Amino acid sequence: RIGERGMNMEFRKKEYKPFDIFDNEWAAIMVGNREKFNACLVSWGNLGNIWGAPGKSKATVALYIHPSRYTAEFIDDSEYFTVSFFDPKYKKALAYLGSHSGRNENKIENAGLMAIPIGKTMGFKEAKQTFLCKKLCKQQFDKESFVQEIRDYYELYPDIYTDGHGGWEPHFILIGEIEQIIE
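Since the structure is predicted, the reported quantities are computational estimates derived from the model, not experimental observations.

J.: Any chance you could explain the sheet that holds strand β4 (residues 58–65) here in plain terms?
T.: Strand pairing in a sheet takes place through backbone hydrogen bonds and is either antiparallel or parallel in direction. Overall, antiparallel pairing links the seven strands, which are arranged β2-β1-β5-β8-β9-β4-β3 in an open sheet. Edge positions in the open sheet fall to β2 (37–42) and β3 (45–50), since each of these has one partner strand only. For this sheet, the mean inter-axis angle between neighbouring strands, taken without regard to orientation, is 35 degrees. Bridge analysis of strand β8 (residues 129–140) against strand β9 (residues 172–182) gives ten bridges, and the strand direction is antiparallel. Across the sheet, residue K135 finds its bridge partner in β9, namely G176. In the packing of helix α2 (residues 91–99) onto the sheet, the strands contacted are β1 (27–32) and β2, and the crossing angle to β2 comes to about 110 degrees.

J.: Whenever I open this one, the environment of V83 confuses me. Can you help?
T.: Residue position: V83 is located in strand β5 (residues 80–85). On the basis of relative accessible area, V83 is assigned to the buried category, the value being 0%. With 36 residues separating them along the chain, V83 and L47 place their C-alpha atoms 11 Å apart. For V83, the contacting residues outside a window of four places in its chain are F22, A27, A28, V61, L63, Q129, T130, F131 and C133.

Rules behind the numbers
- Residues numbered from 1 in each chain as written.
- Predicted model: local features only at pLDDT ≥ 70, side-chain atom pairs only at ≥ 80, totals over all residues.
- Heavy atoms only, no water.
- Pairing = 2+ DSSP bridges.
- Helix = DSSP H or I, 4+ residues; strand = E, 2+ residues; numbered from the N terminus.
- Axes fitted to C-alpha atoms, helices over the stretch in contact; angles between N-to-C directions.
- Contact = heavy atoms within 4.5 Å.
- Buried < 20%, exposed > 50% of the residue type's maximum accessible area, 1.4 Å probe, protein only.

It is worth stressing that arrangement in space is one thing and function is another; only the former is reported here.
Spelled out as structure tokens, the structure:
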């Protein structure tokens, strides 16, 4: 069914496992266009709704991405992105996406995956489910806004969550309006 602004609204009727969809299934974000795009593993995220009158708020996905990721550069310049979920047989490919940089190689191809156009951005041919999202907000978290427990977590992994100067930097939040879900 096509709803307001030509969007497929049927996905609002589906049931999701919000605490498992990112934590256990993992996901990959892809952003860019046919000429230049990149992707990375996303294991922190959530589904919800925000910004609208009761019953008419925007269905959203929120992702937490570290600013050192090459994909972050594409997010700044793009209006749309996809979030894709895969069958368990693709865990090794997703792990490859999470451990290699697209700055130095075609990591999508090297992971054994294929990029395809979806709307005004790119997605994965192998995905069992893809959310086509319009970027609504990207906001960098401030270190000082975290409770000590979260700061302690980041301090345990300064090489992973590097600020490029020997310390750590937190993730940013990316919120996108889900315009369509492709299965």
